[in-house]
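Listed below are the residues making up each chain.
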Amino acid sequence: VGSLTLSHLIYMSRHGVRSPYPPAGNNFSLYSEKPFPTAADWGMTQEAYSKQYLTGHGEKLIPIMGRFWREHYQSTAIFSDGEEME
């Protein structure tokens, strides 16, 4: 049996880094009596909000998470011969 080497890693995360998807029909009142936050409440333009771009929080968080996971997996033995991730 040959050895296995990790060549790619996909990390999926969404919570708190993008504006929320609207419910079917955009009827938020079915889920809450409170008004749903607007694009401005998320610190976003209406276009960025509508296109599900990262929030300001997400723009700061994603690089930090990337560095963390890169360092984590780089320090494990799953990369052969000390090979570094690109």
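This text gives an overview of the structure that appears in the document. (Residues numbered from 1 in each chain as written. Predicted model: local features only at pLDDT ≥ 70, side-chain atom pairs only at ≥ 80, totals over all residues. Heavy atoms only, no water.)

### Examining the overall build of the chain
Note the cut-off: Numbered from the N terminus, helices here are DSSP runs of H or I no shorter than four residues, and strands are runs of E no shorter than two. Accessible area is worked out with a 1.4 Å probe on protein chains only. A residue is then buried under 20% of its type maximum, exposed over 50%, and partly exposed in between. All accessible areas in this document rest on Shrake-Rupley with a 1.4 Å probe, and a residue is counted as covered only by the protein chains that are shown.
Within the chain, the regular secondary structure consists of two helices and zero strands. For the chain, with 86 residues in total, the buried portion stands at 15%. For the chain, the exposed area adds up to about 7300 Å²; of that, 58% sits on carbon and sulfur atoms.

### Describing the environment of Ser-50
The topology assignment puts Ser-50 in helix α1 (residues 46-50). Among the residues examined, Ser-50 registers a relative accessible area of 51% and is labelled exposed. Separated by 29 residues in sequence, Ser-50 and Tyr-21 have C-alpha atoms that sit 8.7 Å apart.

### Some thoughts on unusual backbone geometry
Most peptide bonds take the trans configuration, and most residues that are not glycine carry a negative phi. The phi dihedral of Gln-52 falls on the positive side, at around 65°, and the residue is not glycine. Structurally, the position occupied by Gln-52 is in the loop between α1 and α2 (56-74). Exposure remark for Gln-52: the relative accessible area of 10% places this residue in the buried category.

### Digging into the pattern of salt bridges
Applicable threshold: Just to be clear on terms, a salt bridge is a Lys or Arg side-chain nitrogen sitting within 4 Å of an Asp or Glu carboxyl oxygen.
Inspection of every chain in the model, using the stated rule, returns one salt bridge. The salt bridge partner of Glu-47 is Lys-51, with a shortest N-O separation of 3.0 Å. Exposure remark for Lys-51: the relative accessible area of 46% places this residue in the partly exposed category.

### Some remarks on the packing of aromatic side chains
Put simply, the test is: Aromatic rings from Phe, Tyr and Trp, taking only the six-membered ring of Trp, are treated as a pair when their centres fall within 6.5 Å; an angle between ring planes under 30 degrees marks them as stacked, one over 60 as edge-to-face, and anything in between as tilted.
Inspection of every chain in the model, using the stated rule, returns one aromatic pair. Look at Phe-68 and Trp-69: their rings are 4.9 Å apart centre to centre, the planes differ by 80°, and that puts the pair in the edge-to-face class. We classify Phe-68 as partly exposed; its relative accessible area is 48%.

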